[in-house]
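Chain by chain, the residues run as shown.
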Amino acid sequence: TILPETVDLNTVSYGLGYGFSSVDLAFAPKRGFYLNSTLAAGTKEIERNADIPPELYDQVDLSSVQYSGELSVGAYFRLTSNFVLHSHLDMGGVFNNQLFFNDLYRIGGLNSLRGFNENFFFAEQYLNATAEVQFYFQEYSYLFTFFDQAYLQYDLETSSFQDYPFGLGLGLSLFTGSGNVNLVYALGKSAEQELGLNLSKFHFGYVARF
């Protein structure tokens, strides 16, 4: 009787971005501040699917304007010769009066919310704050402990969601000469996932250095 929460669509957006950084090192910073932001607007075209009754498309605007914006700010504080505090805040939102699941952000995993599978969550608006204490045992290699706290929300035609998931754990960033290998052991808790060792996650990543 209604369209599914995932539909066929095309979105074309045009935007502006601004970035600023005052960190001391680009690869393994130990002090400084950074900011990155984007704003975009464009048109979303919903395409008719032959497997869906055509009268269901009468309930929606097949062409509409969609907006989005993201902001990431962070800072590094050198506490001692070996200890560094890295804190950052990421937020974003997509705005349209008829959103579907394939319009939403995907949150979760090594680069957003550790302790959960990659792209575990959907979000119309999100906020993720991180505090990470790093212990440098070499110039570019360090051990770290972290805490991620997020707020996630969406409100679709047929469902809504709001949660405050968090993740915490330990990790190693090891310099290999051509880049850094990142290994993270994390626990996550949300409305859908209990905090438990049996649900812990290992995240692996590699950042190349040119």
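In what follows, the accompanying structure is described. Worth saying up front: this structure is predicted, and the values here are computed from it rather than measured.

Concerning the nonpolar core
- Judged by nonpolar contacts, the single largest core of 16 residues is most densely connected at Leu104, Ile107, Phe121 and Leu152.
- At the level of secondary structure, the elements contributing two or more residues to this core comprise strand 5 (105-107), strand 6 (121-123) and strand 8 (142-155).
- The element contributing the most residues to this core is strand 8, with three residues.
- If sequence neighbours within four positions are ignored, Leu104 has contacts with Val94, Leu99, Phe122, Ala123, Glu124, Tyr154 and Leu156.
- In terms of nonpolar packing, the next biggest core, distinct from the first, is built from twelve residues, Leu110, Tyr142, Phe144 and Phe146 among them.

Description of the side chain of Arg114
- The residue Arg114 is located in the loop between strand 5 and strand 6 in this model.
- Here the side chain of Arg114 touches Glu132 through a polar contact of 3.0 Å, side chain to side chain.
- Setting aside anything within four residues of it in sequence, one finds Arg114 in contact with Gly109, Thr130, Glu132, Phe144, Phe146, Asp148, Gly167, Val184, Ala186, Leu187 and His203.

A word on the pairing of strand 2 (residues 32-46)
- Sheet topology note: the strand 1 (residues 9-21)/strand 2 ladder contains 13 bridges and is antiparallel. Of the residues in strand 2, the one forming a bridge with Tyr14 is Ala41.
- As paired strands, strand 2 and strand 3 (residues 63-78) are joined by 14 bridges and run antiparallel to one another. What sits directly across from Gly42, in strand 3, is Gln66.

Here's the deal with the pattern of salt bridges
- Applying the stated criterion to the full structure yields three salt bridges.
- A salt bridge links Asp103 to Lys44; the nearest nitrogen and oxygen atoms lie 2.9 Å apart. Placement of the pair is Asp103 in the loop between strand 4 (83-95) and strand 5 and Lys44 in strand 2, with a sequence separation of 59 residues. For the pair Asp103 and Lys44, a shared accessibility class is recorded, and that class is buried.
- The salt bridge partner of Asp148 is Arg114, with a shortest N-O separation of 3.0 Å. Here Asp148, found in strand 8, pairs with Arg114, found in the loop between strand 5 and strand 6; they are 34 residues apart in sequence, far enough to count as distant.
- Using a relative accessible area of 0% as the deciding quantity, one classes Asp148 as buried.

Remarks on the layout of surface pockets
- Computed from the structure, the largest pocket encloses a volume of approximately 790 Å³.
- In this structure, the largest pocket is lined by 33 residues; those nearest its centre are Tyr76, His86, Asn111, Glu132 and Tyr142.
- Taken together, the elements giving at least two residues each to the lining of the largest pocket come down to strand 3, strand 4, strand 7 (125-136), strand 8, strand 11 (179-189) and strand 12 (201-208).
- The residue makeup of the lining of the largest pocket, split by class, is 16 nonpolar, 13 polar and four charged.
- Roughly 270 Å³ of volume is contained in the second largest pocket.
- Lining the second largest pocket are 15 residues, with Val60, Gln98, Leu99, Phe100 and Glu157 sitting closest to its centre.
- Its residues assigned to classes, the lining of the second largest pocket comprises seven nonpolar, five polar and three charged.

Some points on unusual backbone geometry
- Despite not being glycine, Asn119 shows a phi value in the positive range, around 55°.
- If you trace the backbone, Asn119 turns up in the loop between strand 5 and strand 6.
- Judged by its relative accessible area of 36%, Asn119 falls in the partly exposed class.

Calculation criteria
- Residues numbered from 1 in each chain as written.
- Predicted model: local features only at pLDDT ≥ 70, side-chain atom pairs only at ≥ 80, totals over all residues.
- Heavy atoms only, no water.
- Core = buried A, V, L, I, M, F, W, Y, C linked by side-chain atoms within 4.5 Å.
- Buried < 20%, exposed > 50% of the residue type's maximum accessible area, 1.4 Å probe, protein only.
- Helix = DSSP H or I, 4+ residues; strand = E, 2+ residues; numbered from the N terminus.
- Contact = heavy atoms within 4.5 Å.
- Polar contact = N/O pair within 3.5 Å; in protein donor to acceptor, adjacent residues only side chain to side chain.
- Pairing = 2+ DSSP bridges.
- Salt bridge = Lys/Arg side-chain N within 4 Å of Asp/Glu carboxyl O.
- 1 Å grid on protein atoms, 1.4 Å probe; cavity = no way out; pocket = protein on both sides within 12 Å on 5 of 7 lines; lining within 4 Å.
- Points joined across faces, edges and corners; volume = space filled by probe spheres on them.
- Nonpolar A, V, L, I, M, F, W, Y, C, P; charged D, E, K, R; others polar.

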